[in-house]
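# Observations on the three-dimensional arrangement
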Amino acid sequence: MHYNLIDEPWLDAIYLTGARCGLGLAQILTQAHLIYDLDGLTRQERAAIIRALIPMVGRALETHGGLTESTWVETFNQGHFDAAAITAYLEDHRSRFDLFGETPFYQTPGLQLANGQMAIHEATIGKLQNAQRAYADLAPGQTLSLAEGARLLIYTQSYDLGGKHPLTVEAEAISAATATRGADGKMSRARGVAGARTHLGQSWSGFIQIVLARGVSLFHTLMLNLVADMPNGHNGVPAWERPVTTWEPVVRQPREQFDLLTWQTRRLLLVTEDDQVVGMHLAAGDDSLPQGQGLHKNYFNAEPHCHWVLDIKGKPKNPPVYRKGAPIKAVSVHQEFGPLWQGLTPFTRDFEDDLRAHVVRFVQNMIDKGVVTGQFRGWATSGFLFDQGTATKIVGSFADDLDVALDSVRNEAVLTEASKGAVDGLKALQAAERVLETLGAPWLADSLYRDLERDVRALVAQPDLSDPAAAADRMLANLHHSIQTAIDLATHGASAAQWDKFWRPGDTSKDQVHFWAELKKINQHTRQPEKEPK
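Read on for an overview of the structure. Keep in mind that this is a model prediction, so the values were computed, not measured. (Residues numbered from 1 in each chain as written. Predicted model: local features only at pLDDT ≥ 70, side-chain atom pairs only at ≥ 80, totals over all residues. Heavy atoms only, no water.)

### A closer look at the environment of Ala85
Locating Ala85 in the fold gives a position in helix α4 (residues 83–92). Separated by 25 residues in sequence, Ala85 and Ala60 place their C-alpha atoms 5.8 Å apart. When residues no more than four places from it in sequence are discounted, the contact partners of Ala85 are Ala60 and His64. (Helix = DSSP H or I, 4+ residues; strand = E, 2+ residues; numbered from the N terminus. Contact = heavy atoms within 4.5 Å.)

Given below as structure tokens:
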């Protein structure tokens, strides 16, 4: 059986005319100037696939004329990719883009055999965490099409969260192995005794906040995100130009962008039946975070699509992201302003150029030189947010899911006040949520969170505000009014027992003290005078 991604329609695209069509790699890339964007993908799926397409066009340019700033400008001004160069490059590696055969795309042939060397996991599509995130409406026992399976491979190599997984029957029978890298650099595996479960580390893209430029067409999007002047002067080669992966992980770190963009952090093999994907074999792959080595020592010169902060030694370091148990930190002295500042500050002019994502620096350089004009639509950020409750989700949405128009974030005062207002508003909403839960109406908080997100986004989109602090105060005053309305509504619907317990005058019970303390926090964080609500 064959399913070659060069020819098969595994990606859905929206043409500039509005038409929608499924396309293979050859059509996607040679017609990129006619296509508006990819269609039907989650935000993380799109980021993973765009980052996989970039090395294809980059290597096509390199092998047919070279990839330098001057050749980049020439191609950009041309307005479309050289179809002959794209076709020739894809044909040179045709066998590597087939989902099946001896060199299956993004997979390790023979992985299911376990061969006594490694701990292998297997799961049906319904139990695969990445499939559940990419295809939220999966039903028990459901399968995926080969097109969906191809997209899942790229998504998993980029964003697999790892964790503990059940082993295959064969792997459970393995008596000895470990899951750490020894001092000699050799890989060792997890114990494979019956019933054992082993841990897989995070895939690389899940550690970072990805920043991608948005162009007016797919051609412009791919070109804007293809950085032609990486610091080390080299781009490397992608996974499909390297030897086919085996069960033995590669003991090395990626040093160039095309290598890192296609880094194989997993060993994967699709399980198919009757042209449907029913499951996946999965095992640990090449380590993206070698133990004992800071990220700045490995990937600053290779990763084009994320911002950086300074570590305590003054060296570039990838910023922390929104992960369970990890602190949410902002940049420099603005730490107290929260994640909105972290997400948007690097786009401003006053941010240190050496710490901005290489793609942001490169695109701004092309704008300043007059090469890029109306072809650039703005920035889209994409991070991975663990579900830690409604408040955390809305915090993450500011930094991780905000499409950033460059002109909207150049007013530092607006950004600062919006950031502080967002944090204050979230604290008020957390207190309000506890009050509403006490009154038996926690669902009333949902719309309040949505309202705050809408108002913060609206504030950030007004770079010409003369008094952003006053605008933030008005935003919080409106939030206070909405919270008070929700509490009044919940109070009218409260039971007699709830009313007696929390609103009885003169009561100093522990429950009532806590209740009134939350009401006081609402006034405090919405910057209202301290008074007890009626």
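After that view, the rundown keeps rolling.
### Regarding the environment of Ala213
Within the secondary structure layout, Ala213 lies in strand β8 (residues 210–215). Under the relative-accessibility criterion, Ala213 is labelled buried at 0%. Taking C-alpha positions, Ala213 is 7.7 Å from Val359, a pair spaced 146 residues apart along the chain. Leave out the neighbours within four places in its chain, and Ala213 touches Thr221, Leu224, Asn225, Val363, Phe376, Gly378 and Trp379. (Buried < 20%, exposed > 50% of the residue type's maximum accessible area, 1.4 Å probe, protein only.)

### Concerning α4
Along an α-helix, residues three or four apart share an orientation, since each turn contains 3.6 residues. Residues of α4 that are buried: Ala85, Ile86, Tyr89 and Leu90. Across the axial projection of α4, the buried residues extend over an arc of 125 degrees, all falling on one side. Exposed and oriented more than 90 degrees from the buried face of α4 are Ala84 and Asp92. Those residues of α4 hidden inside the fold are in contact with α1 (25–30) and α2 (43–63). You can read the cap of α4 off the contacts: a side-chain oxygen lies 3.0 Å from the backbone nitrogen of Ala84, and it is on Asp82. (Arc of directions from axis to C-beta. Polar contact = N/O pair within 3.5 Å; in protein donor to acceptor, adjacent residues only side chain to side chain.)

### Regarding empty space enclosed by the protein
Applying the stated criterion to the full structure yields four cavities of 30 Å³ or more. Taken as a whole, the largest cavity holds about 110 Å³ of empty space. In terms of lining residues, the largest cavity is bounded by 14 residues, among which Gln157, Ser158, Leu261, Thr262 and Trp263 are the most central. Contributing elements (two or more residues each) for the lining of the largest cavity: α2, α6 (146–159) and α9 (257–261). Classifying every residue of the lining of the largest cavity by side-chain character gives eight nonpolar, five polar and one charged. (1 Å grid on protein atoms, 1.4 Å probe; cavity = no way out; pocket = protein on both sides within 12 Å on 5 of 7 lines; lining within 4 Å. Points joined across faces, edges and corners; volume = space filled by probe spheres on them. Nonpolar A, V, L, I, M, F, W, Y, C, P; charged D, E, K, R; others polar.)

### Description of the nonpolar core
Note on soluble globular proteins: their nonpolar side chains tend to be buried together. Within the largest apolar cluster, 91 residues are counted, with the highest numbers of intra-cluster contacts made by Ile28, Trp72 and Leu99. Those residues in contact with Leu99, other than ones at most four positions away along the chain, are Tyr3, Leu5, Pro104, Phe105, Gln107, Leu146, Ala150, Leu153 and Leu270. In terms of nonpolar packing, the next biggest core, distinct from the first, is built from 33 residues, Leu429, Ala431, Leu436 and Ile487 among them. (Core = buried A, V, L, I, M, F, W, Y, C linked by side-chain atoms within 4.5 Å.)

### Points about α2
If you check α2, its first and last C-alpha atoms are 31 Å apart, about what 21 residues at 1.5 Å a residue would give, namely 30 Å. In the stretch just after α2, Gly65 is the one whose phi turns positive, near 130 degrees. (Expected span 1.5 Å × (residues − 1).)

### Things to note about the sheet that holds strand β2 (residues 20–23)
In sheet architecture, strand pairing relies on hydrogen bonds along the backbone and comes in two forms, parallel and antiparallel. As summarised here, the arrangement of the three strands in space is β2-β1-β3, forming an open sheet in which the pairing is antiparallel. The open sheet is flanked by β2 and β3 (35–39), the only strands paired with a single partner. Each strand of the sheet is rotated relative to its neighbour by a mean of 35 degrees, with strand direction disregarded. With four bridges joining them, strand β1 (residues 11–15) and β2 adopt antiparallel strand pairing. Looking at the pairing, Ala13 lines up with Cys21 of β2. (Pairing = 2+ DSSP bridges. Axes fitted to C-alpha atoms, helices over the stretch in contact; angles between N-to-C directions.)

### Some remarks on unusual backbone geometry
Glycine aside, negative phi is the norm for most residues, and most peptide bonds take the trans geometry. One non-glycine residue, Tyr106, lies in positive phi territory at about 55 degrees. Checked against the element boundaries, Tyr106 lands in the loop between α4 and β4 (121–124). Phi at Asp275 takes a positive value of approximately 60 degrees, unusual for a residue other than glycine. Within the secondary structure, Asp275 sits in the loop between β9 (266–273) and β10 (276–284). Take Asp275: its relative accessible area is 44%, and that puts it in the partly exposed class.

### Observations regarding the pattern of salt bridges
Side-chain pairing between opposite charges can occur once the charged atoms of the two side chains come close. One pass over the structure, following the stated rule, counts 19 salt bridges. In this structure, the salt-bridge partner of Arg59 is Glu241, at a minimum N-O distance of 2.8 Å. Note that Arg59 is positioned in helix α2 and Glu241 in the loop between α8 (218–225) and α9, a separation of 182 residues in sequence. Across the salt bridge formed by Arg434 and Glu518, the nearest N and O atoms sit 3.0 Å from each other. (Salt bridge = Lys/Arg side-chain N within 4 Å of Asp/Glu carboxyl O.)

### Considerations on the packing of aromatic side chains
For the structure on display, the rule yields nine aromatic pairs. Residues Phe105 and Tyr106 carry aromatic rings whose centres are separated by 4.4 Å and whose planes lie at 10 degrees to one another, so their mutual orientation is stacked. Take Tyr106: its relative accessible area is 7%, and that puts it in the buried class. Among the aromatic residues, ring-to-ring pairing joins Trp72, Phe76, Phe81, Phe219 and Phe362 into one connected group. (Phe/Tyr/Trp six-rings, centres within 6.5 Å; stacked < 30°, edge-to-face > 60°.)

### A short note on the pairing of β1
The element β1 is largely enclosed, with a buried count of four among its five residues. Linkage of β1 to β2, two consecutive antiparallel strands, is achieved through a turn of four residues, within which Gly18 is found at a positive phi near 100 degrees. Bridging between β1 and β3 involves four bridges; their strand directions are antiparallel. By the bridge assignment for β3, Tyr15 is matched with Ile35.

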